[in-house]
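# Architecture and fold: a report
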Amino acid sequence: MKTDLVGISGQKEEASKEKDMCGKESLNRQGSLDSNREDGRTTLFLTLTLGNVRNIELSKAAKVFEIFETQIHHFETRRAKKPRNSADDLDVFIECEARSADVSILITSLKRVAEDVKTSREDKVPWFPRKIQDLDKCHHLITNYDPTLDHGHPGYADLDYKKRRAFFADLAFNYRAGDPLPRIEYTAQETSTWREVYRKLSSLYATHACTQYLDAFHQLEKYCGYGEENIPQLQDVSRFLKERTGFQLRPAAGLLSARDFLASLAFRVFQSTQYIRHFSSPMHSPEPDCCHELLGHVPMLADKEFAQFSQDIGLASLGSSEAEIEKLATLYWFTVEFGLCKQNGSIKAYGAGLLSSYGELMYASSNKPEYKPFDPEVTAVHPYQDQAFQPVYFIAESLEDAKAKLQNYVMKIKKPFSLLYDPFTSSIEVMNTPQKIKRTLCQMKEELKSLCLALENLS
């Protein structure tokens, strides 16, 4: 599209900057439910009013569409019904196609050069994966604590460590759903770091960890090579989880965005790092590493009740607004990462952040922090601390009770659709037609028949 560039160079530069900023923020990927396409593009129906079009307003609007590489399928103008500036004001109707990631900033840019900018997309939601292969796109990293960027990272000045981390990142970024999980030859130094962490943490588990964790941890030692002298391989651990709860692992390059990480849980997939923390700081890591994943998360994911709890958070995240994602991520933080529960009259840890940190596990069990009962409505908006020990921990009456409360909470999240996970195809079904709901009910009836028959056989 050729346009008159006179007078709009500043607007072009500003829109381009905003476009670049938007591209760096992975959580702005918006699109309508009907256009949640694999190519990352969405169809828009826009109406707007252009004032005094004999000057350069039309040219300015056209340049916005050009900057964002928008494909215009239909462009229609008519004299404005309610002119504001002059008799030359025009109402414009546009059907176009744009990248989902650019939609929000495209509309913002149009509002700078036009009036009454509106979109008819009533069901606009952020992109979310529909099938397990779509998780190949869910790898956007939060780089705050990356050793190449964070001056406070223990490995910041260690070139060999950063080179090793780049190796692990390449493995994760090149991985595709269905590939065998990469097997790693860990170095003697890496194994030494693991040994120190494993020995110190495992000495606390019998007195500080919940029974679900302990049961699974003993099984992992028996079947997956858990021990002081061996860093378990993701492939072996993933097979173990798949047999027990249907969860499986895939490699991650580092700390993922909340939306991408939670989306994976919806498919019973846990994105796990394979690198290990820097040897100079074995008892603390500013970011997740294989000690955190294998010692903190994996044992709990082998418990069916907890696996369902984790998947429920993931399913709730799909298509949720940014505000809801923030709340769900906070819930995840205070439960899956730093959760405590009551067992046999004592307070036990089930959170991975606690079970992979000797210092915080000891601190959480002392009289220093404040304890509050787990209430999702309260927990979801409570500020958390990611650079020091938590001043507040939320205690669940039991894991079963925590799961029930979470399910009640997520039912209140408003979306223009309902979702159903199909474990047979590892895909998400959008329940947006009566036919889909009827088909699902028929399947449930068949399952109920089988259960009734099983009860009859027992009586």
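Here the structure is a predicted model, which means the values were calculated and not measured.

## Examining the packing of aromatic side chains
For the structure on display, the rule yields 19 aromatic pairs. Here the aromatic cluster, defined as three or more aromatic residues joined through ring pairs, consists of Trp-194, Tyr-198, Tyr-205, Tyr-213, Phe-217 and Tyr-226. For the cation-ring pair, Lys-162 lies above Tyr-156, with the distance from its terminal atom to the ring centre recorded as 5.0 Å. Lying across the ring of Tyr-275, Arg-165 places its NZ or CZ 3.5 Å from the centre.

## Looking at the pattern of salt bridges
Tallying each qualifying case throughout the model produces 20 salt bridges. The closest approach of N and O atoms between Glu-190 and Arg-164, which form a salt bridge, is 2.8 Å. With a gap of 26 residues between them, Glu-190 in helix 5 (residues 188-208) and Arg-164 in helix 4 (residues 159-174) connect regions that are remote in the sequence. Glu-190 sits in the buried class, given a relative accessible area of 9%. A salt bridge links Lys-405 to Asp-401; its shortest N-O distance comes to 3.2 Å. Separated by 4 residues within a single helix, Lys-405 and Asp-401 lie in helix 15 (residues 399-410), roughly one turn from each other. Where salt bridges share partners, they join Glu-69, Arg-99 and Asp-102 into one cluster.

## Thoughts on the layout of surface pockets
Put simply, the second largest pocket is a space of about 740 Å³. In terms of lining, the second largest pocket is formed by 23 residues, of which the most central are Asp-312, Leu-315, Leu-419, Leu-420 and Tyr-421. Of all the elements in the fold, those that place two or more residues in the lining of the second largest pocket are helix 10 (304-317), helix 15 and strand 13 (419-422). Sorting elements by how many residues they give to the lining of the second largest pocket places helix 10 first, with 5 residues. Looking at the lining of the second largest pocket, its residues break down into 11 nonpolar, 8 polar and 4 charged.

Reading the values: rules and limits
Residues numbered from 1 in each chain as written. Predicted model: local features only at pLDDT ≥ 70, side-chain atom pairs only at ≥ 80, totals over all residues. Heavy atoms only, no water. Phe/Tyr/Trp six-rings, centres within 6.5 Å; stacked < 30°, edge-to-face > 60°. Lys NZ or Arg CZ within 6 Å of the ring centre and 35° of its normal. Salt bridge = Lys/Arg side-chain N within 4 Å of Asp/Glu carboxyl O. Helix = DSSP H or I, 4+ residues; strand = E, 2+ residues; numbered from the N terminus. Buried < 20%, exposed > 50% of the residue type's maximum accessible area, 1.4 Å probe, protein only. 1 Å grid on protein atoms, 1.4 Å probe; cavity = no way out; pocket = protein on both sides within 12 Å on 5 of 7 lines; lining within 4 Å. Points joined across faces, edges and corners; volume = space filled by probe spheres on them. Nonpolar A, V, L, I, M, F, W, Y, C, P; charged D, E, K, R; others polar.

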